[in-house]
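So the chains spell out like this:
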Protein chains: 2
Amino acid sequence: MTHRPEDQRPTLEDVARRSGVSRSTVSRVINGSPRVSPAVSRRVRQAVAELGYVPNQAARKLVTRRNDAVAVVVTEPQNRLFIDPFFDLHLRGIRQELARHGAQSVLLLIEEPDDYARVGNFLGGSHVDGALLFSLRADDPLPQTVARMGLPTVLGGRPLHRAGEGDGGYAYVDADNRGGAAEAVRHLVSLGRTRIATITGPLDQAAAVDRLDGYRDVLPGRARQVVAEGDFTLRGGAAAMAVLLERSPDLDAVFVASDLMAQGALRVLRERGRKVPDDVALVGFDDLRPLAEAMDPPLSTVHQDIEGMGRLMARLLFERPADGADRSRSSLVIPTRLVLRQSA
Amino acid sequence: MTHRPEDQRPTLEDVARRSGVSRSTVSRVINGSPRVSPAVSRRVRQAVAELGYVPNQAARKLVTRRNDAVAVVVTEPQNRLFIDPFFDLHLRGIRQELARHGAQSVLLLIEEPDDYARVGNFLGGSHVDGALLFSLRADDPLPQTVARMGLPTVLGGRPLHRAGEGDGGYAYVDADNRGGAAEAVRHLVSLGRTRIATITGPLDQAAAVDRLDGYRDVLPGRARQVVAEGDFTLRGGAAAMAVLLERSPDLDAVFVASDLMAQGALRVLRERGRKVPDDVALVGFDDLRPLAEAMDPPLSTVHQDIEGMGRLMARLLFERPADGADRSRSSLVIPTRLVLRQSA
C-alpha cells in the first residue's frame with residue numbers, strides 16, 4: 001500500500017492554529033502530559049483527528065510510550081463472543097473504564113492457532129500501552145508473551161497453569177467462582193435434594209475448574225458426584241443435560257455452571273417431561289439479565305458483577321506498576337451472591 | 001505505566017537463533033518482504049511472538065509502513081453489534097480475508113461523540129496499514145479524517161452525503177439495496193396486493209435510504225406509499241409495525257428493510273390477529289440464517305451476501321492504490337436476489 005508523501009501531511013502548527021493553543025500545548029497533549037486541562041486536551045485531540053495529523057511516533061514513543069490505546073484480547077470463536085451476553089457486559093465495563101482514562105479499546109480476537117503469532121506481533125509493535133486478556137485456556141502462551149514484552153497486563157479470570165504452578169504472578173480480576181458454586185450447591189442440599197448433578201464449563205478454563213471444585217467442596221466423595229462437561233454454550237448445556245439424564249435418571253437437582261447452559265438444560269428437561277423445580281431443581285451461574293429472569297420458570301443463579309469486573313480490569317491496569325514483585329499483590333477476587341428465583 | 005529497560009529486551013539475534021534462520025531473513029520477514037516463503041515467515045513470526053521481540057518500529061515504519069494490521073471501525077452501539085447477526089457475518093468475512101493477507105484485524109467501536117477523537121487519534125498513529133469503516137451515518141466525519149491521513153480505506157456501504165455530493169470518491173462495497181428492494185415490492189404487486197407499506201431502516205444510513213428508494217421506484221406517487229421509519233432492530237420493527245397498522249388498517253403487505261425488523265413486525269401482526277401471509281404478506285431484507293428460515297411462517301426476503309461483502313472490502317484494500325483519481329473506480333455493488341419462502 002502506498003501513502004501520501006510526508007510534505008502533504010498536516011503539521012504541529014496546523015493543529016495549534018486549528019485548536020487555538022500554542023505549539024507547546026499541542027506537544028504536551030500529544031505526549032500525554034498531565035499539565036493540560038481535559039477541555040483543552042479534548043480540543044487538541046479533536047483538531048488532531050480532524051486534520052489527520054500524525055505525530056512523530058518514533059520520538060514520542062521512546063520518551064513516553066503513550067499510545068492512549070489498550071489491547072483487549074479475547075480467545076473465543078467470534079460467534080461465541082457475539083452470542084454470549086457475558087462478553088457484551090464484560091466488554092462494556094472494560095470500554096467505559098478505558099475511555100475514562102482516555103484510552104482507546106483495541107479489540108483483538110484469537111480464534112485459531114495462527115492468530116497467536118499475528119496478535120503477538122501486533123502487541124509487540126508498540127501500538128498499545130497495555131493489554132487485557134480474557135477467556136484464557138490452560139497454559140495459554142499469551143500471558144507469558146506479553147510479560148516478556150514488558151507490556152502491562154491484567155487477566156480476566158485467574159490463569160490456569162499445570163498443577164502446583166500457582167497463578168504465575170499475573171495480575172487478574174476474577175469472581176469467587178468456587179465460593180459461589182459451593183453456595184449454590186449448599187442451597188440445593190438445604191432443599192432436601194439428594195441426587196445433585198453438575199454441568200461444568202470447559203475444564204481447560206479456570207472458571208469451569210473452580211466452579212466444579214465448589215460443587216465438590218459441598219459433596220465430597222466420588223459416589224455423590226454426577227458430573228458432565230459442557231462448554232458454556234446453550235447447545236453444550238443441552239447435550240450435557242441429556243448425558244446426565246442417561247447416566248443418572250434419578251437426579252433431582254442440577255447446578256449448571258452458566259446461565260446459557262442452564263437455558264439449554266431446561267429445554268432438555270422439559271422435552272423429557274421433568275418439571276422444574278418439582279422434579280429437578282436448577283441453579284445457574286452468571287445472573288444474566290434479562291435471560292435468567294425471563295426463563296420459565298425464572299432461574300435461580302449465582303450473581304457475578306460481570307460489567308464491574310470489566311471496569312476493575314481496566315482500573316487495575318492504570319493503578320499499578322507494570323513490573324516487579326508486587327504484580328501478584330494486585331489481583332482481585334470479587335464476591336458472588338446467590339439470587340433465588342423459581343427454578344430452585 | 002513503566003516498561004522494562006531496553007537492554008533486557010530480546011534482540012534480532014535471539015529471534016534468528018530461535019527460528020533457525022539468518023538475521024537478514026528475520027529482517028526481511030519483519031519488513032514484509034515478499035522474498036520469504038510463508039512457512040519461514042510463519043516460523044519467524046512465531047519466534048517474534050514467543051520471545052516478545054519488539055522490532056525497531058521507527059526505522060521500520062518510515063521505510064515500509066507495514067504494521068500487518070488493519071483497523072475495522074464500527075459506528076454502532078456495542079449491544080447492537082452483539083445482537084445483530086449481520087455484524088457477526090460481516091466481521092467474519094473481513095477477518096478471514098485480512099488473515100489471508102497476514103493482517104491482524106483491529107476492531108474499534110464508535111458509540112459516542114467522544115469516541116471519534118480517540119479513534120481518529122489511534123488511526124493517525126501509524127498503528128495500522130488501512131481502515132475498513134462500516135455502519136456510517138450521514139455526513140460521518142470519519143471517512144474524511146482517514147482520507148486526510150492518507151490511510152487506505154474502504155467503506156462498507158456507500159457513503160451518504162448531502163444531496164448532490166455523490167459518493168465523495170471513496171472506495172466502497174455495497175449491496176444493490178435499491179434494486180433488491182424494488183424486486184421485493186414488485187413481487188408483492190404481482191401477488192395482487194394493493195396496499196403495500198414499508199418499514200425503513202434509520203434514514204441517516206445509505207442502506208435505509210436506498211431500500212426506501214427501491215420501494216418508491218415501484219410505487220410512485222405519494223398516495224400509494226405508506227412509510228414508517230424503523231432502526232434495524234427487532235424492537236424498532238415492532239414499533240413501526242404498530243404505527244403502520246394504526247395509520248393504514250387496510251394494509252395487505254409490508255416490505256421490511258431488515259430481517260430483524262421483520263421478526264418484530266411479525267410479532268405485532270400476530271398479536272393483532274393478522275394472519276401472515278393470508279391477511280398481510282411480509283418480505284424482509286438480508287436473508288439471515290437460520291433466523292429467516294426459522295420464523296413462523298418462514299420469511300421471504302432479499303438475500304445479500306453479507307460475509308462475501310466483508311471479504312470483498314478487505315480484498316479491495318489490498319488490491320488498489322490508496323491515493324488518486326481511480327479510488328471511485330474501485331467500488332463494488334453486489335447483486336441481491338429475492339428468496340421466496342412462505343411469508344409472501
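Bear in mind that the values here come from a model prediction, so they are computed numbers and not experimental data.

> Talk me through the sheet that holds strand S12 (residues 337-339) of chain A; I want residue IDs and the actual numbers.
One key point about sheets: their strands pair by backbone hydrogen bonds, in either a parallel or an antiparallel sense. All names here are of chain A. One open sheet accounts for 6 strands, arranged S7-S6-S8-S9-S10-S12; its pairing is mixed. Looking at the sheet topology across the chains shown, the edges are occupied by strand S7 (226-229) and S12. Neighbouring strand axes in the sheet, compared pairwise and without regard to direction, differ in orientation by 20° on average. With 3 bridges connecting them, strand S8 (residues 253-256) and strand S9 (residues 281-286) associate as parallel partners. The partner of Val254 across the bridge, within S9, is Leu282. The strands touched by helix H10 (residues 206-218) are strand S6 (196-200), S7, S8 and S9; relative to S6, the strand with the most contacts, the crossing angle is about 170°. Against the sheet, helix H12 (residues 259-271) makes contact with S6, S8, S9 and strand S10 (300-303), and its axis sits at roughly 155° relative to S9, the strand it touches most.

> Before we move on, can you summarise the pattern of salt bridges with the specific residues and values?
Tallied over the full model, the rule gives 32 salt bridges over all chains. Taking the shortest distance from any N to any O, the salt bridge between A:Glu97 and A:Arg315 comes out at 3.1 Å. Of this pair, A:Glu97 sits in helix H6 (residues 85-100) while A:Arg315 sits in helix H14 (residues 306-319), placing them 218 residues apart in sequence. Across the salt bridge formed by B:Asp115 and B:Arg118, the nearest N and O atoms sit 2.5 Å from each other. Here B:Arg118 and B:Asp115 lie together in helix H7 (residues 113-123), a separation of 3 residues that amounts to about one turn. Judged by relative accessible area, which is 6%, B:Asp115 ranks as buried. Via salt bridges that share partners, A:Glu76, A:Arg137 and A:Asp204 belong to a single interconnected network.

> I'd like a description of the pairing of strand S9 (residues 281-286) of chain B, backed by residues and values.
Residue and element names in this part refer to chain B. Counting buried positions over the 6 residues of S9 gives 6, a clear majority of the element. The alternating pattern of S9 places Ala281, Val283 and Phe285 and Leu282, Gly284 and Asp286 on opposite faces, both of which are buried. Remark: the strand S8 (residues 253-256)/helix H12 (residues 259-271)/S9 crossover connection has right-handed handedness. Judged from the 4 bridges that link them, S9 and strand S10 (residues 300-303) form a sheet pairing that is parallel. For Gly284, the partnering residue across the bridge sits in S10 and is Thr301.

> How would you explain unusual backbone geometry if you had to name every residue and give the values?
A cis geometry characterises the amide bond from A:Asp296 onward to A:Pro297, with omega recorded as 5°. Tracing the backbone through its elements, the reader meets A:Pro297 in the loop between helix H13 (291-294) and S10. Cis geometry marks the peptide bond from B:Val276 to B:Pro277; its omega dihedral reads 10°. Tracing the chain through its elements places B:Pro277 in the loop between H12 and S9. One non-glycine residue with positive phi stands out, namely A:Asp287, at about 60°. Tracing the sequence through the fold places A:Asp287 in the loop between S9 and H13. Take A:Asp287: its relative accessible area is 5%, and that puts it in the buried class. For B:Asp286, which is not glycine, the phi torsion reads 135° and is therefore positive. Residue placement: B:Asp286 occurs in strand S9. Classification of B:Asp286 as buried rests on a relative accessible area of 5%.

The rules behind these values
- Residues numbered from 1 in each chain as written.
- Chains lettered and ligands numbered in written order.
- Predicted model: local features only at pLDDT ≥ 70, side-chain atom pairs only at ≥ 80, totals over all residues.
- Heavy atoms only, no water.
- Pairing = 2+ DSSP bridges.
- Helix = DSSP H or I, 4+ residues; strand = E, 2+ residues; numbered from the N terminus.
- Axes fitted to C-alpha atoms, helices over the stretch in contact; angles between N-to-C directions.
- Contact = heavy atoms within 4.5 Å.
- Salt bridge = Lys/Arg side-chain N within 4 Å of Asp/Glu carboxyl O.
- Buried < 20%, exposed > 50% of the residue type's maximum accessible area, 1.4 Å probe, protein only.
- Right-handed = clockwise from strand over helix to strand, strands pointing away.

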